[in-house]
Amino acid sequence: MTPFDIQRLLIDELPFSFLYEVAFRACLAFIAVFLFLKCSGRRGIRQLSLFELVIILTLGSAAGDVSFYHDVALLPVAVVFLTLLILYRSTIFFMRRNKRLDAWIDGIPVTVVKDGLYEYKSLRKLNISSRELLMELRQRGVEHLGQVRLAIMEIDGDVSLYFFAAEDVRPGLSVLPPEHREEYRIATHSGVHCCINCGFTRQLESGSTARCVRCDSEIWSPALTNHRSS
Ligand SMILES: [Zn+2]
């Protein structure tokens, strides 16, 4: 075998007329995927849950193979599509009837912020880094946790946010990146501080240290108090 052999790279041992067949196969794959999605009962795909992602990946792999492999016959691939469709629809059918199955396959929405504090125990279970959540909050216009009444991580990975009314905003932990957020063990000035691990708020005097009563962390950041601008 010669590496970078042009003939092998371009078409290998197949005749050039096979390219017509590839075009035909691609059309069939396209129609099959389209019909599959049409029959799946979904209106569109904005965000995929884990279960749907698995279905789509398997589907995409079958569609890809049948498009350009000359030795992949059409009928077995049609059976793959049909099987996936039956699997998908019947799983959905059983998930609708069984809440526990539904929760196991698709997961359940998880509360990640409540009353301006991290639900740090559920965050740990979720296996998402706090950096991801902070990014999500910033992209939604949040500057500190005291503005957030409730944040719920949905099963598709999106975060739903509910805010405090302006008069109910409380001092809260900044969600800004490190260069905009001071963090220290010993307070550099007196004032309201937030535990960087869970968001717990308390007064700290200049030069003092403290242990968070909620999560045991000892790192603090000055609380922010501003309202959301829009
Ligand atoms: Zn804490």
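Residues numbered from 1 in each chain as written. Predicted model: local features only at pLDDT ≥ 70, side-chain atom pairs only at ≥ 80, totals over all residues. Heavy atoms only, no water.

Q: Lay out the overall build of the protein with the relevant residues and their values.
A: For the protein, the count of helices and strands is seven helices and seven strands. Reading the secondary structure of the protein in the N-to-C direction produces α-α-α-α-α-β-β-α-α-β-β-β-β-β. By the compact-globule yardstick of 17 Å for 230 residues, the protein is too spread out, its C-alpha radius of gyration being 27 Å. With the C-alpha coordinates of the protein rotated into their principal frame, the extents come out at 80 × 50 × 35 Å. Sorting the 230 residues of the protein into buried and exposed places 31% on the buried side. Considering only contacts in the protein between residues 6 or more positions apart, those separated by 24 or more positions represent 56%. When the accessible surface of the protein is totalled, it reaches about 15,000 Å², and 59% of it is carbon and sulfur. Of the side chains in the protein, 26 bear a positive and 25 a negative charge, and the two mean positions are spaced by 8 Å. (Helix = DSSP H or I, 4+ residues; strand = E, 2+ residues; numbered from the N terminus. Rg over C-alpha atoms; globule rule 2.2 N^0.38 Å. Buried < 20%, exposed > 50% of the residue type's maximum accessible area, 1.4 Å probe, protein only. Contact = heavy atoms within 4.5 Å. Areas by Shrake-Rupley, 256 points an atom, 1.4 Å probe, with all protein chains shown as cover. Lys, Arg positive; Asp, Glu negative; His and termini not counted. Charge placed at Lys NZ, Arg CZ, Asp CG, Glu CD.)

Q: Please set out the coordination of the zinc ion residue by residue, giving values where relevant.
A: Within the protein, Cys 195 (SG), Cys 198 (SG), Cys 212 (SG) and Cys 215 (SG) serve as the donor atoms for the zinc ion, at 2.2 to 2.3 Å. The site at the zinc ion holds four donor atoms, and with the angles between them running 100 to 116°, its shape is tetrahedral. (Donors = N, O, S within 2.8 Å, 3.2 Å for Na, K, Ca; no water. Tetrahedral: all angles 85-135°; square planar, octahedral: opposite > 155°, others 65-115°.)

Q: Can you tell me about the nonpolar core, naming the residues and giving the values?
A: The biggest cluster of nonpolar side chains holds 28 residues, and the ones touching the most others in it are Tyr 118 and Leu 133. At the level of secondary structure, the elements contributing two or more residues to this core comprise strand 1 (110–114), helix 6 (120–126), helix 7 (130–139), strand 3 (148–153), strand 4 (159–163) and strand 5 (191–195). If sequence neighbours within four positions are ignored, Leu 133 has contacts with Val 112, Tyr 118, Leu 123, Ile 128, Met 153 and Val 159. Counting 15 residues, the second-largest nonpolar core is a separate cluster that includes Ala 29, Ala 62, Ala 63 and Leu 85. (Core = buried A, V, L, I, M, F, W, Y, C linked by side-chain atoms within 4.5 Å.)

Q: Would you mind going over helix 7 in detail, with residue names and values included?
A: Within helix 7, the full set of buried residues consists of Leu 133, Leu 134, Glu 136 and Leu 137. The buried side chains of helix 7 occupy one side of the element, clustering within an arc of 160° when seen end-on. Pointing more than 90 degrees away from the buried face of helix 7 are the exposed residues Arg 131 and Gln 139. At its buried positions, helix 7 is contacted by strand 1, strand 2 (117–118), helix 6, strand 3 and strand 4. Where helix 7 terminates, the next one or two residues include Gly 141, which has phi positive at roughly 85°. (Arc of directions from axis to C-beta.)

Q: Would you mind going over the packing of aromatic side chains in detail, with residue names and values included?
A: We describe a pair of aromatic rings using the distance from one ring centre to the other and the angle between the two ring planes. All chains considered together, the criterion is met by four aromatic pairs. The ring of Phe 93 has Arg 97 lying over it, and the distance from NZ or CZ to the ring centre is 3.8 Å. Of note, Arg 228 hangs over the ring of Phe 163, and the distance from its end group to the ring centre comes to 3.5 Å. (Phe/Tyr/Trp six-rings, centres within 6.5 Å; stacked < 30°, edge-to-face > 60°. Lys NZ or Arg CZ within 6 Å of the ring centre and 35° of its normal.)

Q: Provide a residue-level description of the layout of surface pockets, including the pertinent values.
A: Estimates place the volume of the largest pocket at around 430 Å³. Along the walls of the largest pocket sit 21 residues, with Leu 126, Met 153, Glu 154, Ile 155 and Gly 157 positioned nearest its centre. Breaking the lining of the largest pocket down by element, the ones donating at least two residues are helix 3 (50–68), helix 5 (99–106) and helix 7. It is helix 7 that provides the largest number of residues to the lining of the largest pocket, a total of four residues. Class assignment for the residues of the lining of the largest pocket results in 14 nonpolar, three polar and four charged. (1 Å grid on protein atoms, 1.4 Å probe; cavity = no way out; pocket = protein on both sides within 12 Å on 5 of 7 lines; lining within 4 Å. Points joined across faces, edges and corners; volume = space filled by probe spheres on them. Nonpolar A, V, L, I, M, F, W, Y, C, P; charged D, E, K, R; others polar.)

Q: Describe the side chain of Arg 181, with residues and values.
A: You can see Arg 181 is positioned in the loop between strand 4 and strand 5. A polar contact of 2.9 Å, which involves the side chain of Arg 181, links it to the side chain of Glu 183. (Polar contact = N/O pair within 3.5 Å; in protein donor to acceptor, adjacent residues only side chain to side chain.)

Q: Please provide a residue-by-residue account of the environment of Gly 116, values included.
A: Within the secondary structure, Gly 116 is located in the loop between strand 1 and strand 2. We classify Gly 116 as buried; its relative accessible area is 5%. The spatial distance from the C-alpha of Gly 116 to the C-alpha of Ile 86 is 45 Å, given a sequence separation of 30 residues. Among residues more than four places away in sequence, those in contact with Gly 116 are Leu 145, Gly 146, Val 148, Arg 149, Phe 164 and Gly 199.

Q: Before we move on, could you go through the sheet that holds strand 4 and cite the residues and values that matter?
A: Spatially, 2-1-3-4 is the arrangement adopted by the four strands of the open sheet, whose pairing is antiparallel. Each edge of the sheet is formed by a strand with only one pairing partner; in this case those strands are strand 2 and strand 4. Summarising the sheet, strand 3 and strand 4 pair through five bridges and their orientation is antiparallel. By the bridge assignment for strand 4, Val 148 is matched with Phe 163. Here helix 7 sits on the sheet and contacts strand 1, strand 2, strand 3 and strand 4; the angle it forms with strand 4, its principal contact strand, is near 55°. (Pairing = 2+ DSSP bridges. Axes fitted to C-alpha atoms, helices over the stretch in contact; angles between N-to-C directions.)

Q: Could you give me a rundown of the pairing of strand 5, with the residues and numbers involved?
A: Two faces make up the sheet, and in a regular strand the side chains alternate between them. Of all the five residues making up strand 5, four are buried; the element is thus mostly covered by neighbouring parts of the structure. Across four bridges, strand 5 lies against strand 6 (residues 201–204) in antiparallel orientation. Within strand 6, the residue paired with Cys 194 across the bridge is Thr 201. The turn joining strand 5 and strand 6, which pair antiparallel and follow one another in sequence, is formed by five residues; a positive phi near 90° is taken by Gly 199. As judged from the three bridges shared by strand 5 and strand 7 (residues 220–222), these two strands associate in the antiparallel manner.

Structural measurements only, silent on function.
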